[in-house]
Amino acid sequence: QVRIVAANNQVLGEKSFALKGKDWKKLEGILTASADATDARLEVVLGTAGSVALDMISLFPEKTYMGHKNGLRPDLAQTIADLHPKFVRFPGGCVVHGDGLHNIYKWKNTIGPLEARKPNRNIWNYHQSYGLGFYEYFQFCEDLGATPIPVIAAGVPCQNSSDGGAGQQGGVPMEEMDEFIQDILDLIEYANGSAKTEWGRKRAEAGHPKPFHLKYIGIGNEDLISEVFKERFAMINKAIQEKYPDIVVIGTVGPFYKGSDYEEGWRFATELGLEMVDEHYYENPGWFINNQDYYGKYSRDKAKVYLGEYASRSNKLYNALAEAVYLTAIERNADVVHMASYAPLLAKHGNTQWGTDMVFFNNSQIHPTPSYYVQKMFGQHAGDAYLNTYVEVEHWNNAIQKRVAASVVKDSQTGEVFVKLVNVLPGAVETVVDINLDGLQPVATQVLLHGDKNDRKATPIESSIDISNGIKLELPPYSFVVLRLSPNPQKK
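Read on for a plain summary of the structure. Note that the coordinates shown come from a computational prediction; the quantities given were computed from them, not determined experimentally.

So, on to the nonpolar core. In this structure, Phe134, Ile217, Ile219, Ile240, Tyr281 and Tyr295 are the most contacted members of the largest nonpolar core, which totals 101 residues. Not counting the four nearest positions on each side in its chain, Ile217 is found in contact with Pro150, Ile152, Ile184, Leu187, Ile188, Ile240, Ile247, Val248, Val249 and Ile250. Core analysis: the second largest hydrophobic core is formed by 20 residues, Ala406, Ile471, Leu475 and Val481 among them.

This brings us to the layout of surface pockets. In this approach a probe as big as a water molecule rolls over the atoms, and the regions it shows empty are the leftover space. When its volume is computed, the second largest pocket comes out at roughly 700 Å³. When contributions to the lining of the second largest pocket are tallied by element, the ones reaching two or more residues are β17 (404-410), β18 (417-423) and β19 (429-433). Class assignment of the residues belonging to the lining of the second largest pocket gives a composition of 18 nonpolar, four polar and five charged.

Below, the discussion takes up the packing of aromatic side chains. Using the criterion set out here, one finds 39 aromatic pairs in the structure. Ring centres of Trp287 and Phe288 lie 5.2 Å apart, and the angle between their planes is 80 degrees; this geometry places the pair in the edge-to-face category. For Phe288, a relative accessible area of 0% translates into the label buried. Ring plane angle 20 degrees and centroid distance 5.2 Å describe the contact between Phe378 and Phe480, whose orientation is recorded as stacked.

Structurally, the position occupied by Glu323 is in helix α9 (residues 317-332). Buried Glu323, no salt bridge; nearest opposite-charge side chain is Arg313, N-O distance 10 Å.

Once that is clear, we can look at the sheet that holds strand β3 (residues 41-44). If you walk across this open sheet you meet the three strands as β2-β1-β3, and the pairing is antiparallel. Of all the strands in the sheet, the pair left with one neighbour each is β2 (11-15) and β3. The average undirected angle you get between the axes of adjacent strands in this sheet is 20 degrees. Across four bridges, strand β1 (residues 2-5) lies against β2 in antiparallel orientation. Directly across from Arg3, in β2, lies its bridge partner Glu14.

Our next topic: a nonpolar patch on the surface. A contiguous nonpolar surface patch, about 790 Å² in accessible area, is contributed by Leu19, Leu27, Leu42, Val44, Leu46, Val52, Leu54, Ile57 and Leu59. Within the element layout of this structure, Leu42 appears in strand β3. Residue class for Leu42 comes out partly exposed when judged on its relative accessible area of 32%.

Time to look at the pairing of strand β22 (residues 471-475). Residues Ile471, Leu473 and Leu475 line the buried face of β22, whereas the alternating positions Lys472 and Glu474 sit on a face that is not buried. Examined bridge by bridge, β19 and β22 share five bridges and lie antiparallel to one another. By the bridge assignment for β22, Val429 is matched with Leu475.

What follows concerns empty space enclosed by the protein. For the coordinates displayed, the defined rule picks out three cavities of 30 Å³ or more. The calculated volume of the largest cavity comes to roughly 50 Å³. Around the largest cavity, the lining residues are Tyr65, His68, Gly71, Leu72, Glu136, Gln139, Phe140 and Asp143. Residues belonging to the lining of the largest cavity are distributed by class as follows: three nonpolar, three polar and two charged.

Let's shift gears to the sheet that holds strand β21 (residues 461-466). What the six strands build is an open sheet, ordered β16-β17-β18-β23-β20-β21; its pairing is antiparallel. The open sheet has two edge strands with one neighbour each: β16 (385-387) and β21. Adjacent strand axes in the sheet meet at a mean angle of 25 degrees, parallel and antiparallel pairs treated alike. Direction of pairing for strand β20 (residues 443-450) relative to strand β23 (residues 479-485): antiparallel, over a ladder of six bridges. Residue pairing across strands places His450 opposite Ser479, the latter belonging to β23. Of the strands in this sheet, β18, β20 and β23 touch helix α10 (residues 370-379), which is tilted by about 160 degrees from β20.

A few words now on the pattern of salt bridges. Counted under the stated rule, the structure contains 20 salt bridges. A salt bridge links Arg3 to Glu43, with the shortest nitrogen-to-oxygen separation between them at 2.9 Å. Remark: Glu43 occurs in strand β3 and Arg3 occurs in strand β1; sequence separation between them is 40 residues. Glu43 gets classed as buried once you look at its relative accessible area, which sits at 18%. Taking the shortest distance from any N to any O, the salt bridge between Arg117 and Glu136 comes out at 3.0 Å. One end of the pair, Arg117, is in the loop between α2 (94-97) and β5 (120-121); the other, Glu136, is in helix α3 (residues 134-144), and 19 residues separate them in sequence. An identical accessibility class is assigned to Arg117 and Glu136; each is buried. Via salt bridges that share partners, Glu227, Lys230, Glu264, Arg267 and Glu271 belong to a single interconnected network.

Looking now at the pairing of strand β7 (residues 147-152). Most of β7 sits out of view: five of its six residues are buried. Pairing between strand β4 (residues 87-90) and β7: four bridges, direction parallel. Note that in β7 the partner of Phe87 across the bridge is Thr147. Sheet topology places β7 next to strand β8 (residues 216-219); two bridges connect them, and they run parallel. Along β8, the bridge assignment pairs Ile152 with Ile219.

Our next topic: helix α7 (residues 260-272). Its 13 residues place the ends of α7 18 Å apart at the C-alpha level, agreeing with the 18 Å of an ideal helix rising 1.5 Å per residue. Of the positions making up α7, those classed as buried are Asp261, Tyr262, Gly265, Trp266, Phe268 and Ala269. When α7 is viewed along its axis, its buried side chains cluster within an angular range of 165 degrees and face the same direction. In α7, the exposed positions that point more than 90 degrees away from the buried face belong to Ser260, Glu263 and Glu271. Turning to α7, the residues buried within the fold contact α6 (227-243), β9 (248-252), β10 (276-282) and β11 (304-311). Following α7 by one or two positions, Gly273 has its phi on the positive side, about 70 degrees.

Thresholds applied
- Residues numbered from 1 in each chain as written.
- Predicted model: local features only at pLDDT ≥ 70, side-chain atom pairs only at ≥ 80, totals over all residues.
- Heavy atoms only, no water.
- Core = buried A, V, L, I, M, F, W, Y, C linked by side-chain atoms within 4.5 Å.
- Buried < 20%, exposed > 50% of the residue type's maximum accessible area, 1.4 Å probe, protein only.
- Contact = heavy atoms within 4.5 Å.
- 1 Å grid on protein atoms, 1.4 Å probe; cavity = no way out; pocket = protein on both sides within 12 Å on 5 of 7 lines; lining within 4 Å.
- Points joined across faces, edges and corners; volume = space filled by probe spheres on them.
- Helix = DSSP H or I, 4+ residues; strand = E, 2+ residues; numbered from the N terminus.
- Nonpolar A, V, L, I, M, F, W, Y, C, P; charged D, E, K, R; others polar.
- Phe/Tyr/Trp six-rings, centres within 6.5 Å; stacked < 30°, edge-to-face > 60°.
- Lys, Arg positive; Asp, Glu negative; His and termini not counted.
- Salt bridge = Lys/Arg side-chain N within 4 Å of Asp/Glu carboxyl O.
- Pairing = 2+ DSSP bridges.
- Axes fitted to C-alpha atoms, helices over the stretch in contact; angles between N-to-C directions.
- Patch = residues over 30% accessible without salt bridge, like charges linked within 9 Å, V, L, I, M, F, W, Y side chains within 5 Å.
- Areas by Shrake-Rupley, 256 points an atom, 1.4 Å probe, with all protein chains shown as cover.
- Expected span 1.5 Å × (residues − 1).
- Arc of directions from axis to C-beta.

Read these as geometric descriptors, not functional statements.
Structure below.
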């Protein structure tokens, strides 16, 4: 008997199964809850004396995002969808290269029937059932209209592994590298191959005959750029380029914005002629405010940047506004930074290692942070063309000047123009936006995020403003404003 039981021992739903024979059998049933509960547990109880071997137990809601079997929790998935992400990086960072060679993430273990998938612990010592596997990741990307960016280990585990770590890597033995590389090539075939290929057929059997249109693949994550790493990365990169020259291989340049791994990673990427590298850094808010020219100094002739992980080490409003300031600079340097993604994304209350995550949740509620709303405001007002923006702050103090930022972008398909203004000062700022309003409607939509700098629950407010006589705004203390200017259909 399988049942859902509340803390007061009230049975909320149950299902009985008859067990026969000694062979493995998959048993499925629907439990209908008779009441709501936040403290329920799942019980499996034997009705008679004897022994039973249980391999996998899963309690799953019938209602999932987009109605997919083995799909995602709807409210969490929708929270991500509301960001309007252009891409999704998966399955994560350090989880990929793992805690020692034996713990490297193997994508093939995450596909096929759930009961056949091989679960594993990860480097942070919690369980991966692999119920969310590569098929589900690709499917979610398709649901979002987002480009999938899977990340695969570069033939080395994390240099900080408990097994052979402490600043050393080790690597997949050279005699096993052909098999390791073939797994990566098989992944590309799984994503893009026709249903007549070996791995394309497995995708089709899972329910998706058409390709997933993979364009990018990340190789490595925050690795020590050692000879062991470089030898294996070069082998992987060569094999991918030879068989799938249209796939963009994204390299890695370590966990920081400077240092030996960063410098050697960039030198190695340039030597190989990589099209893109993955940069990571977690810094204090002041770093983001004071480094708005960081990518302005980059060479325009080298690999493009995917800023795969960044955050300002907390989730107060002040942190979110520092990130907003930095993102205006990212938009300004979009010819260098082609993609950027905040990390970490999701965290369950009571199960976190640090407090930088963007969205917290429990079994029934979602708690987005101010950083989430900054990402949402940028994501929903992204545009595809940057309009040259010049910011002049009438104050002699450079520190004050850096705390007022702006960017203007345009969506060439809709004709909408998005003006973003950030004030990371304790006082209000009077602003005048000098922009040609010809051909735009006289009323704009304003999205405003503001509050106490230590607020962890600030949420944006949407309203309409009259811009027929120009754009003059008072930015409240500690605020981020987006103006959505729509084209006037009566004017061209």
